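# Understanding the architecture of this molecule
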Amino acid sequence: MPQRVSQRFSVVVVGAGPAGLTVGNILRAAGVDCLVLEAGTREFIERRPRAGVIEEWAVRGLERRGLARNLLERAQAHTECEFRFDGARYRFGYTGLTGRHHFICPQQFLVTDLVREYADVRGGEIRFGVRDVGPHGLESGRPSVSYTCPGSGERRVVEVGFVAGCDGARGVSRAALPPDRVRVARHDYGVGRLALLAEAPPSSDRVVFGMHPRGFAGHMARSPEVTRYYLQCPPGDAPENWPHERVWTELRERLGAVGAPPLKEGRLIERRVLDMHGYVVEPMAHGRLFLAGDAAHLTAPVAAMGLNLALHDAFLLGDGLVARLTKGDDAGLSGYSATCLARAWDYQEFSEWLAEMYHGTASGDPYRAGAALARLRRPFDSPVAAAAFAEQYLGARTGG
Ligand code: FAD
């Protein structure tokens, strides 16, 4: 297929997830021309269910950039979570300790709002369904991005000032970093998680974590009609091993506790096994390419943090690009990688700490199980430990 330089943009954003669309919106608000390239269709990205728990600083960051109007109208504010272990319930009120709360909003609602604002309100350019996206010449003065158009199969080349690699864990941007200049640190949690979406109202008005010798279970509201559940399973397990009856039997058992209301059961509309692993790419930038979100760091869904980290990166990258492109101010971009990595590592460490608390009880190792229970009891015995846990759980320590 012929290749031709079709256009020039100050910024090409690869990937229309929360990170890419937030960067695009910040650029458009400042009048910077940019192009978003997305492999999926608009319908696909607007329906893909994933995260639901958003930290307050992240919502305020969206609000400051005019991107949270619908979210604030629709999202529930959560002020506490609940731990269930040894057959008992332990409510943990984090808002009372920090003055902050969590927002609950399905990720696809946020993505729908962000894409509408970017494309329909702020007039941003976006191509859906593109294939074979490839950044080139990132160390040169004239970088470009090539891609194949859906339908026609025409190969296009766009000249670009900067590339924002926001294409998630399976994208192409990360691979464009020269291997001898980056370090990828990986961690495998050694467990699997069955991620479920049930067509059923939440069974509690808070997030519930069940630590049980049979394995971890989690309950998280998504909307009045849909609830996310998690069940620990062996790594690499097949979703087909988890028919409806087995799922609900395990959830009832692992989330059972004295005085706990019965689970509201419903049809399972999503059932996938997640690999519980994480990685961090250092540095997050090379030449004219800047990675953001899951493209740069993956946090296993232990502590509900990946979307929050993606938004943190996007705020800094969007603001840094605007400062550079409109005022010639390089400070934001030059400090970008180090600032984002500090938060990414902070969240990685908390995920690892939390994972041991969630999964130690089912490890089969009495030492790990005993230590996990001690870790679980600590915030309920010590106000200092409780305050520290609340701060970390809300991502509140490092501000926004
Ligand atoms: P993505 O959302 O993955 O977006 C990347 C985009 O790039 C996609 O639209 C993709 O189609 C596109 N793309 C990929 N490759 C290419 C390519 N080659 N060319 C062009 N486009 C491409 N996080 C939380 O903070 N709270 C939670 O409660 C939470 N719950 C979760 C539950 C589950 C089951 C899962 C799987 C994740 C959860 N997360 C949560 C993590 C969160 O969903 C991710 O961290 C978040 O989506 C990252 O956003 P992103 O924009 O970096 O990447």
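Attention in this report is confined to the structure presented alongside it.

Cut-offs used in this document
- Position numbers for residues count from 1 along each chain, tracking the sequence in the order it is written.
- This being a predicted model, a pLDDT of at least 70 is required before a residue's local features are given, and a value of 80 or more before pairs of side-chain atoms are given or counted; all residues contribute to the totals for chains, interfaces and linings.
- Hydrogen atoms and water are omitted, and side-chain values are computed over all heavy atoms in the structure.
- Counting from the N terminus, the helices are DSSP H or I runs at least four residues long and the strands are E runs at least two residues long.
- It is over C-alpha atoms that the radius of gyration is taken, and the globule rule equals 2.2 Å times the number of residues to the power 0.38.
- Between two residues, a contact is recorded if the distance between any of their heavy atoms is within 4.5 Å.
- Note on pairing: two strands pair once DSSP finds at least 2 bridges between them.
- For helices, the fitted line uses only the C-alpha atoms of the stretch in contact; every axis is such a line through C-alpha atoms, and the angle between N-to-C directions lies from 0 to 180 degrees.
- The set of buried Ala, Val, Leu, Ile, Met, Phe, Trp, Tyr and Cys residues whose side-chain atoms join them within 4.5 Å is what this entry labels a nonpolar core.
- Relative accessibility under 20% of the residue-type maximum defines a buried residue, over 50% an exposed one, and the middle range a partly exposed one, all with a 1.4 Å probe and only protein chains included.
- Any pair of cysteine sulfurs within 2.5 Å is marked as a disulfide.
- The salt bridge definition used is simple: a Lys or Arg side-chain nitrogen within 4 Å of an Asp or Glu carboxyl oxygen.
- Being near a molecule or strand, for a residue, comes down to having at least one heavy atom within 4 Å of it.
- Residues adjacent in sequence count toward polar contacts only when both atoms are side-chain atoms; beyond that, a polar contact is any pair of N or O atoms within 3.5 Å, and within protein one must be able to donate a hydrogen and the other to accept it.
- Each accessible area is a Shrake-Rupley result for a 1.4 Å probe, and residues are judged covered by the shown protein chains and nothing else.
- All amino acids are sorted into three groups, where Ala, Val, Leu, Ile, Met, Phe, Trp, Tyr, Cys and Pro are nonpolar, Asp, Glu, Lys and Arg are charged, and the leftover types, Gly among them, are polar.
- Two rings belonging to Phe, Tyr or Trp (six-membered ring only in the last case) form a pair when the distance between their centres is within 6.5 Å. Interplanar angles under 30 degrees mark stacking, angles over 60 mark edge-to-face geometry, and anything in between is tilted.
- Placement of a charge over a ring requires the Lys NZ or Arg CZ to be within 6 Å of the ring centre, with the centre-to-atom vector within 35 degrees of the ring normal.

A few words on the overall build of the protein chain. Across its full length, the protein chain holds 11 helices and 19 strands. Its C-alpha atoms give the protein chain a radius of gyration of 22 Å, near enough to 21 Å, the size a compact globule of 400 residues would have. Along the three orthogonal principal directions, the C-alpha set of the protein chain runs to about 65 × 45 × 45 Å. Within the protein chain, contacts between residues at least 6 apart in sequence are counted, and of these 72% link residues at least 24 apart.

Okay, the sheet that holds strand S3 (residues 53–55) next. Taken in spatial order, the 3 strands of this open sheet run S3-S7-S4, and their pairing is antiparallel. The open sheet is flanked by S3 and strand S4 (76–78), the only strands paired with a single partner. The average undirected angle you get between the axes of adjacent strands in this sheet is 35°. In terms of strand pairing, S3 meets strand S7 (residues 102–104) through 3 bridges, oriented antiparallel. Pairing of Val53 across the sheet is with Ile104, part of S7.

All right, on to the nonpolar core then. Generally speaking, soluble globular proteins have nonpolar side chains that are buried together. Of all hydrophobic cores here, the largest spans 107 residues; its most connected members are Ile54, Phe83 and Phe209. Here this core gets 11 residues from one element, more than from any other, and that element is helix H9 (residues 331–359). Discounting chain neighbours no more than four positions away, the residues touching Ile54 are Val59, Leu71, His102, Phe103, Cys105, Leu110, Leu307, Asn308 and Leu311. Core analysis: the second largest hydrophobic core is formed by 16 residues, Ala217, Cys233, Trp242 and Leu255 among them.

This part takes up the state of the cysteines. Counting across every chain of the model gives 0 disulfides. Cys34 supplies the cysteine sulfur nearest to Cys149, a cysteine that is in no disulfide, at a spacing of 18 Å. Owing to a relative accessible area of 11%, Cys149 belongs among the buried residues under this scheme.

For the structure shown, the criterion picks out 28 salt bridges. Of the charged contacts in the structure, one is a salt bridge between Glu159 and Arg142, with a shortest N-O distance of 2.5 Å. In this pair, Glu159 is assigned in strand S11 (residues 155–165) and Arg142 in the loop between strand S9 (131–136) and strand S10 (144–148), connecting sequence segments 17 residues apart. A salt bridge links Glu245 to Arg252, with the nearest nitrogen and oxygen atoms 3.7 Å apart. For Arg252, a relative accessible area of 36% puts it in the partly exposed group. Bridged by salt links that share partners, the residues Glu80, Glu82, Arg84, Arg89, Arg91, Asp205 and Arg206 form one connected network.

Judged by how many residues are buried, strand S5 (residues 80–85) sits mostly within the fold: 6 of 6 residues are covered. Residues Glu80, Glu82 and Arg84 of S5 are buried on one face, and the alternating residues Cys81, Phe83 and Phe85, pointing to the opposite face, are buried as well. Judged from the 6 bridges that link them, S5 and strand S6 (residues 88–93) form a sheet pairing that is antiparallel. Bridge assignment links Arg84 to a residue of S6, and that residue is Arg89. Taking the residues between adjacent antiparallel strands as the criterion, S5 and S6 are bridged by 2 residues, where Asp86 takes a positive phi near 55°.

Turning our eyes to something else, we now look at the sheet that holds strand S19 (residues 297–298). Taken together, the 8 strands give an open sheet; going across it, the order is S6-S5-S13-S14-S15-S12-S16-S19, and neighbouring strands pair in mixed fashion. This sheet does not close on itself; its edge strands, each paired only once, are S6 and S19. With 3 bridges joining them, strand S13 (residues 207–210) and strand S14 (residues 217–221) adopt antiparallel strand pairing. When the bridges of S14 are listed, Phe209 appears paired with Gly218. Relative to strand S15 (residues 227–233), helix H7 (residues 244–254) is tilted by about 85°, and along the sheet it contacts strand S12 (183–199), S13, S14, S15 and strand S16 (267–282).

Another point: unusual backbone geometry. Here the amide bond leading from Glu282 into Pro283 is cis, since omega sits at -5°, within 30 degrees of zero. Along the chain, Pro283 falls in the loop between S16 and strand S17 (285–286). In this structure, Asp86 takes a positive phi of about 55° despite not being glycine. Positionally, Asp86 belongs in the loop between S5 and S6. The class of Asp86 is exposed, set by a relative accessible area of 57%. Of note, Asp132 is a non-glycine position whose phi angle comes to about 50°, a positive value. When you line up the elements, Asp132 lands in strand S9.

Close to the ligand lie 35 residues; Glu38, Arg48, Gln107, Asp294 and Leu307 are nearest. Between the ligand and Gly52 there is a distance of 3.2 Å, counted from an oxygen atom to a backbone nitrogen or oxygen. Gly306 has a polar backbone atom sitting 3.3 Å from an oxygen atom of the ligand. Calculation on the ligand without its partners gives an accessible area of 1000 Å², and the protein chains cover 92% of this total. When residues of the shell around the ligand are traced back to their parent elements, those giving at least two are helix H1 (18–29), S15, S16 and helix H8 (306–327). Here the residues of the shell around the ligand are counted per class, giving 18 nonpolar, 9 polar and 8 charged.

In this section: the packing of aromatic side chains. Counted by the stated rule, this structure contains 20 aromatic pairs. Seen in terms of ring centroids, Phe209 and Tyr393 are 6.3 Å apart; in terms of plane orientation they differ by 85°. Their pairing is edge-to-face. With a gap of 184 residues between them, Phe209 in strand S13 and Tyr393 in helix H11 (residues 383–393) connect regions that are remote in the sequence. A single burial state applies to Phe209 and to Tyr393, both of which are buried. Stacked on the ring of Trp242, the Lys or Arg Arg246 has its end atom at 3.6 Å from the ring centre. Directly above the aromatic system of Phe162 lies the positively charged group of Arg288, at a separation of 4.8 Å from the ring centroid.

Read these as spatial facts, not as claims about activity.
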